[in-house]
Amino acid sequence: MLEWLAALCFVILAVLIWPGSKYFGTVSQTDALLQGLGISQQAAKDMDGVQPACAGAGTGDVKARTVALICKPSALANYLLKHCRTFSNYSPCVGWTWRASAFLQSVYEACWPYDSPVQFVRDNLQLSDEGLVALDWAVPSYQKRRRTSSHSTSPVLLIIPNSFGKITRNVLKLCEMALSHGYLPAVFNRRSHNGTPLTTLKLQQFGDPADLREAVRYIRYRQPAGRLYAVSESSGSGLLLSYLGECGSSSYVTAAVCLSPLFRCQSWFENGLCWPLQWALVLYQKICLSRYKTALGETIQTDALFSSCSLRVLEESLFCQTGPAAPTGPGASGGASAAWDAYWERNEPLRDVDEVAIPVLSVCAQDDPIRGDTQSTVPLELFETNPHFFLLLTDRGGHCGFSTQPEGSAAGAAGAVGSAAVPSSGVGSGGVNWSHKALLEFFRATTDFFAAEERAKQLAARRRGLGGGAGGRAFRHRSVSTCKRMPACSHNIHAIYNWQRSYTR
């Protein structure tokens, strides 16, 4: 208890001495925003038709232009510009209010408790190596039936929280809003996170998607008729991007969103955070791992782990050491550096980014105190050249904060309550995050776009088939076996999972 009080005192002290001019002030113009990011004039010329959003998604008064959509010109980009009105409807808090502080709203969303009307039903999944991960299915508190039918066609929203396992109010509010819009939210918990038992001596590495891949297969087994969407929060984006890159077109995900993602994670660990935030995160991880200290001592250096003072040293102690004995000798430091570089070759989120085959939206703020400087931490060239990646960049919003002005918040809350009044949902909301509205609108728009494209292809195929000539006859008499089929699941679900022995709560 005294440690948490001391941590609170340190945070308050940091807030008091933090330069106020970094967080308080008026909204900057979007043109200046993009110029500061260094977007080339040639890219602006090449993006005619899409560039109105890329140069500032807002319309009307210049001060309202607080959002920039940075992407490569495409039909989907034009469709998003036309149908995603939330992108240009962001009014961040400004002036002398605590919600205008990127640091304060980030801490508030991460640490402040939230009395959510949502309950969770847990599925503990036994993996192929006898390890356990958990899926927490969000259900309304009033709902008597705790399980959803496998015949349900409701879309599933897979939520990947931060890599430290902390379930924030941001995640809880997202689950609440997703329920009110007809989704089935499921929160993925890594090994030992959020009360998940650690049954093996293996912890999940930062960007290792093996456990997530098996969890996605289970979701498809349980909800085969529903579309699957994915959302990651903060450092959890490393796991989601790694999964999408490794699986490519076999990810089974329709679209994905990363909220305040970390792109260059090795540099993020090496550069470190400001000391109050880094100290708090290291302390939180030590508390979570302390219950497994004896068991982990067989494979890692627990003394180095629990004496670490930085995120890098803690990550190295967990995954870059070969045994419980501390390395000695003149080559120890060189070996540790090589092991650290090899670790990130396997876990860097953007290592297979060219293989991503679905639309991915990243929502970032320029004043993010966790990610750091935008120019050095956001790969703008990725969004300018890859048609699958879209960057929604705001000048304010902090880290997973995106607080809005009171009138905007009131309007958003009223809209959420109105949608919650529908008998099929029944979940209200005391305040809706702008980023949550944007991501749900992105999912709706991408789904509608692909449905329209599919209808257009089917109509064109029918016209070719019904038209005269040899081409039409060949199409009509074509063997069924030559038609393109959806890829079947390449695994035996019962061989991977033992449902009778899996733990449920």
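See the structure above.
Source: prediction; values computed, not measured. (Residues numbered from 1 in each chain as written. Predicted model: local features only at pLDDT ≥ 70, side-chain atom pairs only at ≥ 80, totals over all residues. Heavy atoms only, no water.)

S.K.: Could you clarify how one ought to interpret the overall build of the protein chain in this entry?
M.R.: A tally of regular secondary structure across the protein chain gives 21 helices and nine strands. Expressed as a percentage of its 505 residues, the buried residues of the protein chain come to 50%. Sequence separation of at least 24 residues holds for 79% of the intrachain contacts in the protein chain that already meet a minimum separation of 6. Put simply, the protein chain shows about 23400 Å² of open surface, and 55% of that area lies on carbon and sulfur atoms. (Helix = DSSP H or I, 4+ residues; strand = E, 2+ residues; numbered from the N terminus. Buried < 20%, exposed > 50% of the residue type's maximum accessible area, 1.4 Å probe, protein only. Contact = heavy atoms within 4.5 Å. Areas by Shrake-Rupley, 256 points an atom, 1.4 Å probe, with all protein chains shown as cover.)

S.K.: What exactly am I supposed to notice about the pattern of salt bridges here?
M.R.: A side chain with one charge can pair with a side chain of the opposite charge if their charged atoms come near. Considering all chains together, one arrives at 13 salt bridges under this definition. Residue Asp211 pairs with Arg191 through a salt bridge whose shortest N-O separation is 2.7 Å. Here Arg191 lies in the loop between strand E5 (184-189) and helix H8 (210-222) and Asp211 lies in helix H8, a separation of 20 residues in the sequence. Assigned by exposure class, Asp211 and Arg191 land together as buried. Note that Glu246 is salt-bridged to Arg351, the shortest N-O span being 3.0 Å. Of the two residues, Glu246 sits in helix H9 (residues 237-247) while Arg351 sits in the loop between helix H15 (332-347) and strand E8 (360-365), which places them 105 residues apart along the sequence. Overall, the relative accessible area of 23% leaves Arg351 in the partly exposed class. Look at the salt bridges and you will find they share partners, linking Arg213, Glu246, Arg351 and Asp352 into a network. (Salt bridge = Lys/Arg side-chain N within 4 Å of Asp/Glu carboxyl O.)

S.K.: Where do I start with unusual backbone geometry in this structure?
M.R.: Residues other than glycine predominantly adopt negative phi, and peptide bonds predominantly adopt the trans conformation. Residues other than glycine seldom take positive phi values, yet Asn194 does so here, at roughly 55°. Relative to the helices and strands, Asn194 resides in the loop between E5 and H8. Given the relative accessible area of 35%, Asn194 is considered partly exposed. Of note in the backbone geometry, Ser260 takes a positive phi value of approximately 50° without being a glycine. Position of Ser260 relative to the elements: it lies in the loop between strand E7 (255-259) and helix H10 (265-271).

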